[in-house]
Amino acid sequence: MAKTPQFLKPRLRLFLSADIIGSTALKQTPRDALSASTVEWFPVLQGFYLETQRAFLGGWIRSLPEDTKERQLHWGPDPEFWKVIGDEILFTKELTDSHQLMNVLACWINAIDAARESIRKVDRRLDIKCTAWTAGFPLMNKEVALPRNFNIADAPVTDYFKEGGRLLNERYAKKANDAKIAVDYIGPSIDIGFRLCQFASARKFILSVGVAYILSQSNRKASDVRVTRFRYDGASVLKGVFGGIHYPIFWIDLAKPGDLALLEDKLTKPIECTSDDVHKYCDKFFDDASPHTFKPFIISQTENDLKEKPDNYEKDIENIKKNYGLEIIGDKASEKAAEAETPPQGTHAVAQTPALKASAATEETPLAISAINFAELFNEIRKVTKERASPSATKKVSDCGENTTPEGKDEKDENRDKD
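Residues numbered from 1 in each chain as written. Predicted model: local features only at pLDDT ≥ 70, side-chain atom pairs only at ≥ 80, totals over all residues. Heavy atoms only, no water.

Another aspect to go through is the overall build of the protein. Helices and strands together make up the secondary structure of the protein, namely 16 helices and 9 strands. Split into buried and exposed, the 419 residues of the protein put 43% on the buried side. Relative to all contacts within the protein whose residues are 6 or more apart in sequence, the contacts with residues 24 or more apart total 74%. When the accessible area of the protein is evaluated, it comes to approximately 23,000 Å², of which 52% is carbon and sulfur surface. (Helix = DSSP H or I, 4+ residues; strand = E, 2+ residues; numbered from the N terminus. Buried < 20%, exposed > 50% of the residue type's maximum accessible area, 1.4 Å probe, protein only. Contact = heavy atoms within 4.5 Å. Areas by Shrake-Rupley, 256 points an atom, 1.4 Å probe, with all protein chains shown as cover.)

Structure (structure tokens):
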């Protein structure tokens, strides 16, 4: 059994979204209405991206404690810029301990306060709305990798799983940086996060049920009390999510003392949720929605609360490893074994395919070779075998040196089809 590579080890990621309210109307200002007093929309958006990034990542760095153990436990890996989608900027952070969530959300709220103040100085009609959600990898959600530089001379990719595994292996092994390989995140949890954005407002910082579940279990005192000021707007059907079951809409109240919204609350008397009630609800929700999802978990040396993996998790990971071809792409010992079994170039008729010529020219490792166009190799074997009936092809077939079946498939090919 091959050792599980870094990109297939369980990870829980937090995703944070900030979107400008009122930007569409700002961009639709008629050209004949532009004047010296009219705000140009592009500098506003560019400033929003820059100020949000500076406030969040800068605030995070300034909040880090000097004690290394404390930093590892309650802060963990730094958050990272993910991408910009229209008027929305997104960040992600790997959670290596559930206690980190409260600190990163406190930094995020402070950053949004700063970004909001910045854009409202330009135009009082503008504001910011936020959403946070978690996604577990690599079972429910996936990382997708693409080379940034496309070379038309490269052989076509015929096994997308293996090629994706090769690129992610390179990325996690630090053989390739962001300049060479782009990584994105896809999956049902990502879709849910974007669906939840529609419920956000300047006051309502929307949380996925995963975020509410983790945040509500923490007994630590938040540096910003707003982090634990839970509200609940009932459950709604999210298009295409969980087979149409109702999804809970939790939110953190970002209203500040003196805001009109809080004065209105004194009249309407809305109910503020306790952490215990939120946690009990989320726990039951995950149980009821188990065919579609499972409770978030973290595998690390410091995590003590979120340690329960879903049923059959290890078995599912082994199946994923097979899809990526990791029965032959694995740890260094597996790579050396695969290298020993690979015949030298020129002694095998199939070794002259474009895929292996390219790999030999670049001196790629067995890890990379194993991910290059295996279907092309087997097609070559089939082609050679079909020519057996031709007298002129007899010598070519014998040179191939493969133990083929009457159907033109070798034993490895048959096993691959069964998998």
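Next comes the rest of the account.
Within the structure shown, the criterion is met by 22 salt bridges. Put simply, Arg166 and Glu163 hold a salt bridge, and the shortest N to O gap is 2.8 Å. Placement of the pair is Arg166 and Glu163 together in helix 5 (residues 160–172), with a separation of 3 residues, close to one helical turn. The residues Arg166 and Glu163 share a single accessibility class, namely buried. In this structure, Asp265 engages Arg231 in a salt bridge whose closest nitrogen and oxygen atoms are separated by 3.7 Å. Here Asp265, found in helix 8 (residues 260–268), pairs with Arg231, found in strand 8 (residues 230–237); they are 34 residues apart in sequence, far enough to count as distant. Each member of the pair Asp265 and Arg231 is classed as buried. In this structure, a network of salt bridges that share partners links the residues Asp113, Arg116, Arg120, Asp127 and Lys256. (Salt bridge = Lys/Arg side-chain N within 4 Å of Asp/Glu carboxyl O.)

A separate point is empty space enclosed by the protein. A full pass over the atoms with the stated rule returns 3 cavities of 30 Å³ or more. For the largest cavity, the calculated volume is near 300 Å³. Lining the largest cavity are 25 residues, and of these Thr134, Gly136, Ser189, Thr293 and Phe294 lie nearest its centre. Sorting the residues of the lining of the largest cavity by element identifies strand 1 (11–21), strand 4 (127–137), helix 6 (188–196) and helix 7 (209–217) as the ones contributing at least two each. (1 Å grid on protein atoms, 1.4 Å probe; cavity = no way out; pocket = protein on both sides within 12 Å on 5 of 7 lines; lining within 4 Å. Points joined across faces, edges and corners; volume = space filled by probe spheres on them.)

To continue, consider the sheet that holds strand 9 (residues 246–253). Ordered in space as 2-3-1-4-7-9-8, the 7 strands form an open sheet in which the pairing is mixed. Looking at the sheet topology across the chains shown, the edges are occupied by strand 2 (80–85) and strand 8. Averaged over neighbouring strand pairs, the angle between their axes works out to 25 degrees when direction is ignored. Examined bridge by bridge, strand 4 and strand 7 (residues 204–207) share 2 bridges and lie parallel to one another. Across the sheet, the residue bridging to Thr131 is Ile206, located in strand 7. (Pairing = 2+ DSSP bridges. Axes fitted to C-alpha atoms, helices over the stretch in contact; angles between N-to-C directions.)

A word on the packing of aromatic side chains. For the coordinates displayed, the defined rule picks out 26 aromatic pairs. With a centroid separation of 5.8 Å and an interplanar angle of 50 degrees, the aromatic rings of Phe48 and Tyr49 are classed as tilted. Each of the two residues, Phe48 as well as Tyr49, counts as buried. Note on Phe161 and Tyr324: the rings are 5.0 Å apart at their centroids and 90 degrees apart in plane angle, and the pair reads as edge-to-face. (Phe/Tyr/Trp six-rings, centres within 6.5 Å; stacked < 30°, edge-to-face > 60°.)

Along the chain, the position of Val84 falls in strand 2. Put simply, Val84 and Ala18 are 66 residues apart on the chain and 9.8 Å apart in space, counted from C-alpha to C-alpha. In this view, Val84 contacts Tyr49 and Ile89; residues no more than four positions away in its chain are not counted.

In this fold, Ser17 is placed in strand 1. On the basis of relative accessible area, Ser17 is assigned to the buried category, the value being 2%. Those residues in contact with Ser17 that sit more than four places away from it in its chain are Glu88, Ile89, Leu90, Trp108, Lys129, Cys130, Thr131, Trp133 and Cys197.

What follows covers the packing of helix 2 (residues 41–63) against helix 4 (residues 100–122). Orientation of helix 2 relative to helix 4, taken along the N-to-C sense of each, is 145 degrees, at an axis distance of 8 Å. Our pair here, helix 2 against helix 4, has a crossing hand that is right-handed. Between helix 2 and helix 4, the residues in contact are Val44, Phe48, Glu51, Thr52, Ala55, Phe56, Gly59, Trp60 and Ser63 and Asn103, Val104, Cys107, Trp108, Ala111, Ile112, Ala114, Ala115, Ser118, Ile119 and Val122, respectively. The residue inventory of the contact of helix 2 with helix 4, partitioned by class, reads 14 nonpolar, 5 polar and 1 charged. (Left-handed = near helix turned anticlockwise from the far one by under 90°. Nonpolar A, V, L, I, M, F, W, Y, C, P; charged D, E, K, R; others polar.)

In this section: the nonpolar core. The biggest cluster of nonpolar side chains holds 64 residues, and the ones touching the most others in it are Leu105 and Phe205. Broken down by element, this core gets its largest block of residues, 12 residues, from helix 4. Apart from the residues lying within four places of it in its own chain, the contact partners of Leu105 are Leu14, Leu16, Ala132, Phe205, Val211, Leu215, Val227 and Ile252. Leu8, Ala145, Leu167 and Ile320 belong to the second largest nonpolar core, which has 11 residues in total. (Core = buried A, V, L, I, M, F, W, Y, C linked by side-chain atoms within 4.5 Å.)

Here we come to the state of the cysteines. Scanning the entire structure with this criterion turns up 0 disulfides. Of all cysteine sulfurs in the structure, the one in Cys282 sits closest to Cys273, which takes part in no disulfide; the separation is 9.8 Å. (Disulfide = S-S within 2.5 Å.)

Counted at 1.5 Å a residue, the expected span for helix 5 with its 13 residues is 18 Å, and the 18 Å between its end C-alpha atoms agrees. Residues Lys162, Glu163, Gly164, Gly165, Arg166, Leu167, Leu168 and Asn169 constitute the buried set of helix 5. Put simply, Asp159 is the residue that caps the front of helix 5, since its side-chain oxygen is 3.4 Å from the backbone nitrogen of Phe161. Positive phi shows up at Lys174, right after helix 5, with a value of about 65 degrees. (Expected span 1.5 Å × (residues − 1). Polar contact = N/O pair within 3.5 Å; in protein donor to acceptor, adjacent residues only side chain to side chain.)

Keep in mind these numbers describe shape, not what the thing actually does.
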